[in-house]
Amino acid sequence: MKRKEIKVKGFARRDGLLWGEDVDLRTITGKIGTPCFIYSRPVLLANVHRFQEAFTGMNALICFAVKANRSLAILQTLAQQGLGFDLVSGGELEAVLRAGGCPQRLIYSGVGKTRDELYRALSRGIFQFNVESKEELEGIRQCAKELGCCAPVALRVNPDVEAATHPYIGTGSAQHKFGIDLAEIPSLLETFRGWKEIRFQGLACHIGSQICSLRPFHRAFSRMAQLVRDLRTAGVRVKTIDLGGGLGVRYHREKPLCLKKYAELIRKYFAPFDAMILMEPGRRLMEDAGILVTRLLYRKETRGKQFYIVDAGMNDLIRPTLYQAWHPILPINLSAKRKVRKTDVVGPLCETGDFLAKNRLLPEMEPGEELAILQAAAYGYAQSSNYNARCRAAEIMITGKTWVEIRRRETLDDLFRTEVLLP
Ligand SMILES: Cc1ncc(COP(=O)(O)O)c(C=O)c1O
């Protein structure tokens, strides 16, 4: 059977072998071992530039959603391109600052910011807190009072829109924990109108992730635009409008949104308001900039079903089991013709849910050979864990012929660093 191989710029074949930019991937895995995440800096930069280009001429700030990939060298690369960042924890704030991010380009989202986190973010002078509840607002006020400053806030609106995505990554319906009911915004604004520790600067929304249709964005944006109009009529100036992230990418058969059309939609709804547009893309900026390389440990056959047991598992890439996600998988070496067969690619963890692919047509391979799992830069390493006492993978960044190990593989000592035995 002739199979069409998915091609990712930055990771292409030469004489049947998968290369990353100008590096034979086996050079990297020979030194670093597997599993490892390998990123292409040129692809990452191209993704950023394409996004920036779609919004040229607009008063807009692109704030990378750090949750998608918080590796310092990635954040450093993005900061150097002038991007801002969207944070959801004090840890992410620290990561961005260590990577050289500018505090005045930071937005802090998330439903459960602690006092300590609020304190740190406020004292570093971040650009905006996206507030998710009245109680959080009171907490921010308290911190600002103690620090003798004024906190810049936007209210995160829940526009009650279904995002047409996996149920675990929809965030904009009334059933979700995120945002404040649209109808409550005017009265909440009234509540803190006289608070000198809070400076209202705008509205925010984020309806979900991996969205490949403009329709939910239409709905959410039209509700946001109406709210901006209503507030203006009531004499409230909305200086920033944060439209979140959520743009989907192609893992399998999805058709990602055209960035120009997305930008046109934003212009259509928000150009009349003379406000600064903020965006929080994560996945779409990472997209095809990284792969996960794993090694075949064993082959196994049970009642006619073939398993490839590889050295990466759900602790390295949880998306297949958590979201039933489909990632392209390719052998690194395809120099010789081989028979293909339906195969489950599974990890070594003691969990039935530990799989990377099911019923995938793959060529016959020998133990020791390597496979590449594509589209792994977003929510790959970022969601990895030490489950089953496994050390987390290494990360490598390639630029042309040069590669750098941007994060070393964890060691057993790393695993036990924070623990003590009972006396
Ligand atoms: C508040 C917020 N902003 C931005 C994002 C990034 O989403 P995506 O990676 O789909 O662009 C998320 C992810 O769920 C989020 O929760």
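What counts and what doesn't
- Residues numbered from 1 in each chain as written.
- Predicted model: local features only at pLDDT ≥ 70, side-chain atom pairs only at ≥ 80, totals over all residues.
- Heavy atoms only, no water.
- Helix = DSSP H or I, 4+ residues; strand = E, 2+ residues; numbered from the N terminus.
- Rg over C-alpha atoms; globule rule 2.2 N^0.38 Å.
- Buried < 20%, exposed > 50% of the residue type's maximum accessible area, 1.4 Å probe, protein only.
- Contact = heavy atoms within 4.5 Å.
- Areas by Shrake-Rupley, 256 points an atom, 1.4 Å probe, with all protein chains shown as cover.
- Lys, Arg positive; Asp, Glu negative; His and termini not counted.
- Charge placed at Lys NZ, Arg CZ, Asp CG, Glu CD.
- Phe/Tyr/Trp six-rings, centres within 6.5 Å; stacked < 30°, edge-to-face > 60°.
- Lys NZ or Arg CZ within 6 Å of the ring centre and 35° of its normal.
- Patch = residues over 30% accessible without salt bridge, like charges linked within 9 Å, V, L, I, M, F, W, Y side chains within 5 Å.
- Salt bridge = Lys/Arg side-chain N within 4 Å of Asp/Glu carboxyl O.
- Polar contact = N/O pair within 3.5 Å; in protein donor to acceptor, adjacent residues only side chain to side chain.
- Near = heavy atom within 4 Å.
- Nonpolar A, V, L, I, M, F, W, Y, C, P; charged D, E, K, R; others polar.
- Core = buried A, V, L, I, M, F, W, Y, C linked by side-chain atoms within 4.5 Å.

Peer 1: Sorry if this is basic, but what is going on with the overall build of the protein here?
Peer 2: Secondary structure summary: the protein contains twelve helices and 21 strands in total. For the protein, whose C-alpha radius of gyration is 23 Å, the value lies close to the compact-globule estimate of 22 Å for 423 residues. Here the C-alpha coordinates of the protein stretch approximately 70 × 60 × 45 Å along the principal axes. Looking at the protein as a whole, 55% of its 423 residues qualify as buried. Taking all contacts inside the protein whose residues are at least 6 apart in sequence as the whole, residues at least 24 apart take part in 71%. For the protein, the accessible surface area stands at approximately 19300 Å², while carbon and sulfur atoms represent 51% of it. Computing the positive centroid from 63 side-chain charges and the negative centroid from 46, the protein places the two 5 Å apart.

Peer 1: I tried to follow the packing of aromatic side chains on my own but got confused; where do I start?
Peer 2: For any pair of aromatic rings, the description consists of the separation of the ring centres together with the inter-plane angle of the planes. A complete count under the given rule lists twelve aromatic pairs for this structure. Ring centres 5.2 Å apart and planes at 70° place the aromatic pair Phe 217 and Tyr 262 in the edge-to-face group. Placement of the pair is Phe 217 in helix α8 (residues 214-233) and Tyr 262 in helix α9 (residues 259-270), with a sequence separation of 45 residues. Comparing Phe 217 with Tyr 262 shows no difference in burial state: the two are buried. Arranged with centres 6.3 Å apart and planes meeting at 55°, the rings of Phe 270 and Phe 273 form a pair that is tilted. By way of ring pairs, the aromatic residues Phe 51, Phe 55, Phe 217, Phe 221, Tyr 262, Tyr 269, Phe 270 and Phe 273 are connected into one cluster. Its end group placed over the ring of Trp 195, Arg 141 keeps NZ or CZ at 4.2 Å from the ring centre.

Peer 1: Quick question: what am I supposed to make of a negative patch on the surface here?
Peer 2: On the surface, Asp 160, Glu 162, Asp 181 and Glu 184 cluster together to form a negatively charged patch. Among the secondary structure elements, Glu 184 is positioned in the loop between β10 (180-181) and α7 (185-191).

Peer 1: How should helix α4 (residues 90-98) be read in this particular structure?
Peer 2: In an α-helix, one full turn covers 3.6 residues, which means residues spaced three or four apart are oriented alike. For α4, the set of buried residues is Gly 90, Glu 92, Leu 93, Ala 95, Val 96 and Leu 97. Buried residues in α4 make contact with α3 (72-80), β6 (84-87), β7 (106-108) and α5 (115-123). A side-chain oxygen of the first residue of α4 lies 3.3 Å from the backbone nitrogen of Gly 91; this N-cap is Ser 89.

Peer 1: How should I be thinking about the site of the ligand in this particular structure?
Peer 2: The local shell around the ligand holds 14 residues, among which Ser 209, Gly 246, Glu 280, Arg 283 and Tyr 379 are the closest. For the ligand, a nitrogen atom lies 3.3 Å from a polar atom in the side chain of Asp 86. Interatomic distance of 3.3 Å between a side-chain N/O atom of His 206 and an oxygen atom of the ligand. The fraction of the free accessible surface of the ligand (390 Å²) that becomes covered by protein chains is 95%. Its residues assigned to classes, the shell around the ligand shows three nonpolar, six polar and five charged.

Peer 1: Looking at this structure, I do not really get the nonpolar core. What am I missing?
Peer 2: Leu 203 and Phe 270 are the most contacted members of the largest nonpolar core, which totals 105 residues. Beyond its immediate chain neighbours, meaning those up to four positions away, Leu 203 contacts Ala 154, Leu 155, Val 157, Ile 185, Met 224, Leu 227, Val 228, Leu 231, Val 238, Thr 240, Ile 241 and Asp 242. Counting 17 residues, the second largest nonpolar core, distinct from the first, contains Ile 28, Ile 38, Ile 332 and Ala 372.

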